[in-house]
Structure formats: structure tokens, C-alpha cells
Amino acid sequence: MIAVVGSNMVDLITYIHRMPNPGETLEAPDFRMGCGGKGANQAIAASRNGSEVLMVTRVGNDAFAANTKANFAENGISTKYVLDTDATSGVAPIFVDKSSQNSILIVQGANAKLSPEDVAAARADLAKCSLIVMQLEIPLPTVYYTIRLAKELGIPVLLNPAPAHPDLSLEDIKDCAYFAPNESELALITGMPVGTLDEVRAAAGYLRRQGIRNVIVTLGEHGVLTLTEEKEIFTPPFPVAAVDTTGAGDAFIGCFANAVDAGLGLETALKRAAFYAADSVTKRGTQYSYAYAKELEFPAE
Ligand code: RIB
């Protein structure tokens, strides 16, 4: 079983020709509302790949909350620790342009109230998990507490430092077994350039030297570069015609978490995750674009 200690949001996705200028009103061709949030997305992706998933998260006191809980339940995810909060639900207005690129605003809402005490209350169930997955749409003290708890329980942590947080403390996250930034997150966290593969390698190497065992840098359409204690792995991209890249990073993390949970080797896990994320960008929406594993023919190992 995997635990995701993280966010959930309501995605308000507007498909646009271009962003309006200040003071301008523009018509946009399409809109879709869906369940999102990096934590929930990763949980759903892991579940659709076959993992049992425990979600620790907070929903608001508005009309969105019941829908979010129902979505977890429909996807077979335990709602035991989906906690009600006297706040608005997290929401994410998202704009997707004609070139399939997205711009996202997030309003944390209830996610900002997920506390170390909430995680401590789930301790007995977390202790049964093979992996704990986190992102940065919840308070940093909660992330740091969960890493310390996981260490005490002997459970590996996969931290996806998204969205990038300028105050992230490397000292507090160095015990993560897997640390998976994209290149812009890597640049912000290390303060190092990431314009070339050599620069990405150097920045990832810096994180390795801080004590993080496996640094996995997702490079979008350029593949994935991973540095481990023993070696470097380059996972080539799966070229596809992208229509909407929203949530592709979460598809990668959720599928990777499932593969680790299933005991697959690192190289196989990375390849499956890259393939799964590539498939997701061929469809519109965040969770709408996540396939069930049985619908896909994953590449041979
Ligand atoms: O990574 C995509 C996600 O980022 C969206 O679902 C949105 O909710 C934001 O959290």
C-alpha cells in the first residue's frame, strides 16, 4: 500500500487561444472542471496502475468537498484521512493554450491546514505502507514531520518538490529515498543552472551529495535523468503529439510510485512512468487523462 500525504484541488481548466491582456475580456473556446491537486493526481495515477492507496489530505466546507471525496472513493482510495476543514477547498484555475502548454494558479485553501498532527493521527495506517509520496502544496512543517516519521517507521519517501518552494530546507528533506524535481524546480532548489544535460547532472549531483539517495529529474519531452548511489540512468522520452500537458508530472510520479510499490527495478519503474506520463499528454484534462494500466501496452523491460 502507498500513502499520499498531500493536496487536492478543484481544477478549473479553460482552453484559450491566448491570455487576455490587462483590462481585456476575451472569449475562450472551452472549459472543463475536474478533480486535481498534485497529491490527489498522484494518488489516482498510482491507484489506476494497481496500487492500494491511502490519502491523507484536507477538503473544505464547500460544495466541492463531497465531489472530491466521492472521486477518491470511486477510484478505490481510502477516505479515512480525507479530513473536513473550516476553509474553502483548494482550487486551481488552469489555462491551456493552443500549443498544449498550461499556466496554473493555485489557491491552497484547506490544503494549507494539513498539519503534522493530522499525519501523526494516521501513524498506525502509515506504518503499513511501502512508500509515502509527498509534494509541496501542503505546509513545509508537515512535509518535514512526515519525512521524520517515515524514517522512524523505516518507510521510504518519494518527494516531488512541486510547486517549487524557495524556502525548502535540504537538511530537512535529505532522508528522502527519492527526490523528483523537474528542471525548473531543480534550478530553484539548488540555485544552479539547468540549461544543458551537463548542468542538470551537476545540479542533481549536488543534491546527491546532500545525502538524497536517488535524484530523479524529469525533463518533459527530453526524458528523465536519474542519479543514484551507484549510477546514472537516462530514460529517453516517448515522443507523442501532446494536446494537454497538465498533470503529466503527477502521472509520472503516481505510476513510478506504483512500480516501486510493486517491487519493480528502478530502470523499469522509470521507463513505465515516462511512458504513462507521455500517454497522459495525448488527452485533455488532469485526472481525466490518466489511463487504467490495463488499457496500455507498457514497453518491454
Ligand atoms: O500538476 C497539476 C496540478 O497542479 C493540477 O491538478 C492543479 O490542481 C495543480 O495542483
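Keep in mind it's a predicted model, so treat the numbers as computed, not measured. (Residues numbered from 1 in each chain as written. Predicted model: local features only at pLDDT ≥ 70, side-chain atom pairs only at ≥ 80, totals over all residues. Heavy atoms only, no water.)

A.B. asks: I'm lost on the overall build of the protein in this one. Help?
C.D. replies: Within the protein, the regular secondary structure consists of 10 helices and 13 strands. For 301 residues, the compact-globule estimate of 2.2 N^0.38 gives 19 Å, and the protein sits close to it at 18 Å. Principal-axis analysis of the C-alpha atoms places the extent of the protein at approximately 55 × 45 × 40 Å. Buried positions account for 54% of the 301 residues belonging to the protein. A fraction of 68% describes how many contacts in the protein between residues 6 or more apart in sequence connect residues 24 or more apart. Surface summary for the protein: the accessible area is close to 12,800 Å², and the carbon and sulfur share equals 52%. Here the protein carries 24 positive and 35 negative side-chain charges, and the mean point of each set is 3 Å from the other. (Helix = DSSP H or I, 4+ residues; strand = E, 2+ residues; numbered from the N terminus. Rg over C-alpha atoms; globule rule 2.2 N^0.38 Å. Buried < 20%, exposed > 50% of the residue type's maximum accessible area, 1.4 Å probe, protein only. Contact = heavy atoms within 4.5 Å. Areas by Shrake-Rupley, 256 points an atom, 1.4 Å probe, with all protein chains shown as cover. Lys, Arg positive; Asp, Glu negative; His and termini not counted. Charge placed at Lys NZ, Arg CZ, Asp CG, Glu CD.)

A.B. asks: Could you clarify how one ought to interpret the site of the ligand in this entry?
C.D. replies: Asp-11, Gly-37, Lys-38, Glu-137 and Asp-250 are the nearest of the 13 residues found near the ligand. One of the side-chain N or O atoms of Asp-11 is found 2.5 Å from an oxygen atom in the ligand. Contacts to the ligand include Glu-137, whose side-chain N or O atom sits 2.6 Å from an oxygen atom. For the ligand, whose free accessible area comes to 280 Å², the fraction covered by protein is 96%. (Near = heavy atom within 4 Å. Polar contact = N/O pair within 3.5 Å; in protein donor to acceptor, adjacent residues only side chain to side chain.)

A.B. asks: Explanation requested: the nonpolar core in the structure shown.
C.D. replies: Soluble, globular proteins show a tendency: their nonpolar side chains are buried together. Residues Val-133, Leu-158, Tyr-178, Ile-216, Phe-252, Phe-256 and Tyr-276 are the most contacted members of the largest nonpolar core, which totals 43 residues. If you list the elements that add at least two residues to this core, you get β1 (2–5), α1 (38–48), β4 (53–59), α2 (63–74), β8 (131–134), α9 (248–261) and α10 (266–280). In terms of residue count, α9 provides more of this core than any other element does, eight residues in total. Val-119, Leu-168, Leu-186 and Ala-204 belong to the second-largest nonpolar core, a separate cluster that totals 41 residues. (Core = buried A, V, L, I, M, F, W, Y, C linked by side-chain atoms within 4.5 Å.)

A.B. asks: Quick question: what am I supposed to make of the sheet that holds strand β5 (residues 78–84) here?
C.D. replies: Either a parallel or an antiparallel arrangement is found when strands of a sheet pair, and the pairing is made through backbone hydrogen bonds. Ordered in space as β5-β4-β1-β8-β9-β10-β11-β12-β13, the nine strands form an open sheet in which the pairing is mixed. Lying at the two open borders of the sheet, with one neighbouring strand each, are β5 and β13 (232–235). Pairing geometry for strand β12 (residues 224–227) and β13, over four bridges, is antiparallel. Paired with Thr-226 across the two strands is Ile-233, which belongs to β13. Contacting β10 (178–179), β11 (214–218), β12 and β13, helix α8 (residues 197–209) runs over the sheet at an angle of about 35° to β12. (Pairing = 2+ DSSP bridges. Axes fitted to C-alpha atoms, helices over the stretch in contact; angles between N-to-C directions.)

A.B. asks: What's the story with the pairing of β12 in this structure? I'm lost.
C.D. replies: Regular strands place side chains that alternate from one sheet face to the opposite one. Residues Val-224 and Thr-226 of β12 are buried on one face, and the alternating residues Leu-225 and Leu-227, pointing to the opposite face, are buried as well. Both β11 and β12 contribute to a ladder of four bridges, which runs antiparallel. Bridge pairing in β12 links Val-215 to Leu-227. Hairpin geometry of β11 and β12 is characterised by an intervening segment of five residues between the two adjacent antiparallel strands and by a positive phi of about 60° at Gly-220.

A.B. asks: Could you clarify how one ought to interpret the environment of Lys-271 in this entry?
C.D. replies: Looking at the secondary structure, you find Lys-271 in helix α10. Here the alpha-carbon distance between Lys-271 and Phe-234, two residues 37 residues apart in the chain, equals 9.6 Å. Setting aside chain neighbours within four positions, we find Lys-271 in contact with Thr-235, Phe-238, Pro-299, Ala-300 and Glu-301.

A.B. asks: In this structure, what is going on with the packing of aromatic side chains? I would like to understand it.
C.D. replies: The full count for this structure, using the stated rule, is five aromatic pairs. Seen from their ring centres, Phe-275 and Phe-298 are 5.5 Å apart, and the 55° between their planes marks the pair as tilted. Here Phe-275 is found in helix α10, whereas its partner Phe-298 is found in the segment after α10, with 23 residues between them in sequence. For the residue pair Phe-275 and Phe-298, the accessibility class agrees, reading buried in each case. Between Tyr-276 and Tyr-290, the aromatic rings sit 6.4 Å apart at their centres with planes inclined by 45°, giving tilted as the arrangement. Taken as a pair, Tyr-276 in helix α10 and Tyr-290 in the segment after α10 lie far apart in primary sequence, 14 residues in all. Residue Tyr-276 shares its accessibility class with Tyr-290, and that shared class is buried. Following the ring pairs from residue to residue traces out a cluster consisting of Tyr-178, Phe-252 and Phe-256. Stacked on the ring of Tyr-288, the Lys or Arg Arg-32 has its end atom at 3.7 Å from the ring centre. (Phe/Tyr/Trp six-rings, centres within 6.5 Å; stacked < 30°, edge-to-face > 60°. Lys NZ or Arg CZ within 6 Å of the ring centre and 35° of its normal.)

A.B. asks: Sorry if this is basic, but what is going on with the packing of α1 against α9 here?
C.D. replies: In helix packing, the relevant descriptors are the interaxial angle and the interaxial distance, both defined with respect to the helix axes. Two elements in contact, α1 and α9, have axes whose closest approach is 7 Å; the angle formed by their N-to-C orientations is 45°. In this view, α1 runs oblique relative to α9, as classed from their interaxial angle. The two elements α1 and α9 cross, and the hand of that crossing is right-handed. Facing Lys-38, Asn-41, Gln-42, Ala-45 and Ala-46 of α1, the residues of α9 in contact are Asp-250, Ala-251, Ile-253, Gly-254, Cys-255 and Asn-258. (Parallel < 35°, antiparallel > 145°, perpendicular 65-115°, else oblique. Left-handed = near helix turned anticlockwise from the far one by under 90°.)

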